[in-house]
Amino acid sequence: MIDNLVIVESPAKARTIEKFLGKEFQVKSSMGHIRDLSKKDLGIDIKSRYKPKYIIPDDKKKVVSELKKLVKEAKTVWLASDEDREGEAIAWHLCEALNLNKENTRRIVFHEITRNAITNAIKNHRGIDYNLVDAQQARRILDRLVGFELSPILWKKVKPALSAGRVQSVAVRLIVEREREILNFKYISYFKISAIFKVKDKNNRIYELKAEIQDKIESEKEVLELLEKFKIATFTITDITKKPSRKTPSPPFTTSTLQQEASRKLGFSVSQTMTIAQRLYEAGKITYMRTDSVNLSDTALHAVKEVVSREYGDKYLNIRKYKTKSKSAQEAHEAIRPAYPAKQTISGNNAEKKLYDLIWKRTIASQMSDALIEKTTVTIDISNANEKFLATGEILTFDGFLKLYIESTDDEVDENSKGLLPPLSVNDLLIPVTITATEKFTSHPPRYTEASLVKKLEELGIGRPSTYAPTISTIQQRGYVIKQDKAGYERKYILLELTDNNINKEVNTEYVGTVKAKLFPDNIGMIVNDFLVRYFSDILNYNFTATIEEEFDEIASGKKNWTDMIDRFYKQFHPKVVTTLTKSEPSKGDRHLGEDPETGKPVIVKMGRYGAMAQIGENTSKDNEEKPRFASLRKGQNMESITLEEALQLFSLPRNIGQFDGKDLIVSIGRFGPYIKHDSKFYSLKKGVDDPYSIDIERAVEIIKEKQEKDKNKIIKSFKEEPELMILNGRWGPYITYKKKNFRVPKKTDPNSLSYEDCIKIIKEVEERKKSPEK
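Here's a quick rundown of the structure. Counting restarts for each chain: residues are numbered from 1 in the order of the written sequence. In keeping with the model being predicted, local features are shown solely for residues with a pLDDT of at least 70 and side-chain atom pairs are shown and tallied solely at 80 or more, while totals for entire chains, interfaces and linings include all residues. Side-chain metrics in this entry use all non-hydrogen atoms of the structure; hydrogen atoms and water are not considered.

Our next topic: the overall build of the chain. Helix and strand assignments follow DSSP, with helices taken as H or I runs no shorter than four residues and strands as E runs no shorter than two, numbered in order from the N terminus. On a plain count of helices and strands, the chain comes out with 19 helices and 28 strands. With the C-alpha coordinates aligned to their principal axes, the bounding extent of the chain is approximately 105 × 85 × 70 Å. Only heavy atoms matter for contacts: two residues are in contact if any of them lie within 4.5 Å across the pair. Partitioning the contacts of the chain with sequence separation of at least 6, the portion at a separation of at least 24 is 69%. A 1.4 Å probe and the Shrake-Rupley method give the accessible areas. Residues count as covered only by the protein chains that appear here. As displayed, the chain offers around 42100 Å² of accessible surface, 48% of which is attributable to carbon and sulfur atoms.

Bringing the environment of Ser-668 into the picture now. Tracing the backbone through its elements, the reader meets Ser-668 in strand 22 (residues 663-670). With 187 residues separating them along the chain, Ser-668 and Val-481 place their C-alpha atoms 28 Å apart. Aside from chain neighbours lying at most four places away, what touches Ser-668 is Leu-653, Pro-654, Gly-673, Pro-674 and Tyr-675.

This brings us to the environment of Ala-612. Looking at where Ala-612 falls in the secondary structure, it is placed in strand 19 (residues 611-616). Between the C-alpha atoms of Ala-612 and Ile-141, which are 471 residues apart in sequence, the distance is 33 Å. What Ala-612 contacts, discounting residues up to four positions off in sequence, is Asn-523, Lys-606, Met-607, Ser-632, Leu-633 and Met-639.

Here the focus is the side chain of Gln-615. Structurally, the position occupied by Gln-615 is in strand 19. Exposure classes here rest on a 1.4 Å probe applied to the protein chains alone. A residue is buried below 20% of its type maximum, exposed above 50%, and partly exposed in between. The buried category is assigned to Gln-615, whose relative accessible area is 1%. Identification of polar contacts relies on pairs of N or O atoms within 3.5 Å, with a donor-acceptor requirement for protein atoms, meaning one able to donate a hydrogen and the other able to accept it, and with residues adjacent in sequence counted only if both atoms are side-chain atoms. For Gln-615, the side chain forms a polar contact with the main-chain oxygen of Gly-617, separated by 2.8 Å.

Cis geometry marks the peptide bond from Leu-653 to Pro-654; its omega dihedral reads 0°. Within the element layout of this structure, Pro-654 appears in the loop between helix 17 (644-649) and strand 21 (655-660). The backbone phi angle of Met-31 is positive, close to 60°, even though this residue is not glycine. Mapping Met-31 onto the fold places it in the loop between strand 2 (25-29) and strand 3 (36-37). Overall, the relative accessible area of 44% leaves Met-31 in the partly exposed class. We note that Asn-99 has phi near 55°; this positive angle belongs to a residue other than glycine.

What follows is about the environment of Ile-763. Among the secondary structure elements, Ile-763 is positioned in helix 19 (residues 756-771). Judged by its relative accessible area of 7%, Ile-763 is buried. Taking C-alpha positions, Ile-763 is 61 Å from Asp-530, a pair spaced 233 residues apart along the chain. Once residues within four sequence positions are removed from consideration, Ile-763 is found in contact with Leu-725, Ile-736, Tyr-738 and Phe-743.

With 143 residues, the main nonpolar core has Leu-79, Phe-110, Leu-154, Ile-286, Leu-355, Leu-453 and Leu-532 as its most contacted residues. Among the elements that line this core, the one with the most residues is helix 5 (residues 130-157), at 11 residues. Discounting residues that sit within four places of it in the chain, Leu-79 has contacts with Ile-7, Ala-91, Leu-94, Cys-95, Leu-100, Thr-105, Arg-106, Arg-107, Ile-108 and Ile-128. As used in this record, nonpolar core signifies buried Ala, Val, Leu, Ile, Met, Phe, Trp, Tyr and Cys residues forming a set joined through side-chain atoms within 4.5 Å. The next biggest cluster of nonpolar side chains, apart from the first, holds 29 residues, and it includes Ala-195, Leu-227, Val-378 and Ala-385.

Any link to function would need more than the numbers given here.
In structure tokens form, the structure reads like this:
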């Protein structure tokens, strides 16, 4: 007989909880959800009011069977799955699948896996919160409805094997719209004028002062006119303003802010952050990692107060009670923080240590004093012009929380870093050393990173802490969005410099546009987005998606019935599905680029069965007309921005780039990537190094010789008696190859010592062993 059976959702969580409970408790894992919605029958029937049909998947039947046996022996069953809606649904599914008796079943929740938290949870047990269960059911069923009904439309109208989802499609739309903003962006040039002045103090010591004109100068002509004026101008300090300011620490982490900061500071993907955080939580090292709350418990505040006072002193202490601004904050009641704030370091792998350190610093810093800064602004008058130079500087008068933690931002360049200013007084005359006008260019909106996409989704009220990571992972796995780097390009800019009353002009080159780990929409993602926006604009409407999330929140708080909500949605949604399936036109994203100069035939790009492609010629059913030619777009080429010249280049393969040893060198792209064909042999081009469209004969010969040398070293021994018999060097050591079959060389055998007879003997022994029956 078992006194107490505790069921949690993961083995790691079970192991941690077990350490804090006595021998009268037995802890088991359900290995996550033990029931799932039936894929064959969602139970969507307006007359039956949406009675979802759940099944036990084959891989969970053994777990359920084992748990049922334990339940029969248990006096009390404790359901200890996570405290959010997902966890509540898991507890409910356990009740249903295991036929648990309400009289001896207890539901317990805790925000951290510590002895005190578990003890308090057992003392304050409750029943299943069916409002939370209903909210989770509503989310899963609505998302399944959208996916199950939209995906077949995409298969028929766009391309097989595609999928759509309520939140994922909106996330793709954000990325597609941002990419189009960038593609359509028109750069505007302007000039910024900066200067280096000399200034003397009372003791005739000379200092340098850097200043700039805040206004943008639109043209080179205006800049030259100003520089001419500056030749005879006097520059005088007319105002020095000092303003104290303060910088306040950020609140402790929520799910989204942890994902954003881990991306910026540690380079973690959103899913990587959540996986590591899950391990830290289940190991009892941090509090629950899916939360909208920035609140810290009184116990946590007391522990943090002790850390700050001990490590930094009372002047660095400033206890704050943060309040969650989001109206949709879910049922988790505390921010992400260390379970034991006194522990600055933990055991674990490098990634776990880094993420814990980030959480620890953010938590401690949130209860530290503001940083105090003195900002100084110096205004410099120009005697013969209306423009003014400004010089700015900052002094950190008290570091406060900055002693421990500085929050990162999504800005790629920090143009606001300011240093100290020299001793200055009003009416000081400044001597210009150099006045420089630099041509600048307006910038397009930045592409989304995983972190900035999470921030945008949160701002729009789309999704919840538990959905950000799976949404971003899904859109990448589906191929709608690609996270990648992009090389920059060279751009020329004008530099005008006034020195010693002479104006010099230079045209310099800068390298711009390099991006790293940004989210780009793939061609198929853009086509799917356009189709869905055209026929299901309400589903992809940002406000609609946010409103749905608010309705889930109302269901969770008991203010709305979930079946009524699904009923209203489906009655509006399903007719559109039927209409679109029967009346909409197929969408392949066709774009006409122009005419092929050689044949005069049209050149288009479109989505084919195996991806984006270019096409020369029209599709025709006439036997006597030439069939169109096709070529796949290269990685990174966009159907909306590819030019006619770039498309025509795709048809330049195969290329004959010359001869080597009297044989043609043919470059082309095959099933396994780009290659060189020479003397009926194939040589692969190096990925990321060689371009099949531009590789020259010298590089091709180099690749062939490298491969020939490698193959030469691969052959340990060959035999005149049998040309097909060879001893080769392989990835896992030497082996014998004979008639397209491979045979391992016995351990401790020198392959060079093997004779023809030895090899035949080894082959026969292996063949005999395979034929003989197992004993």
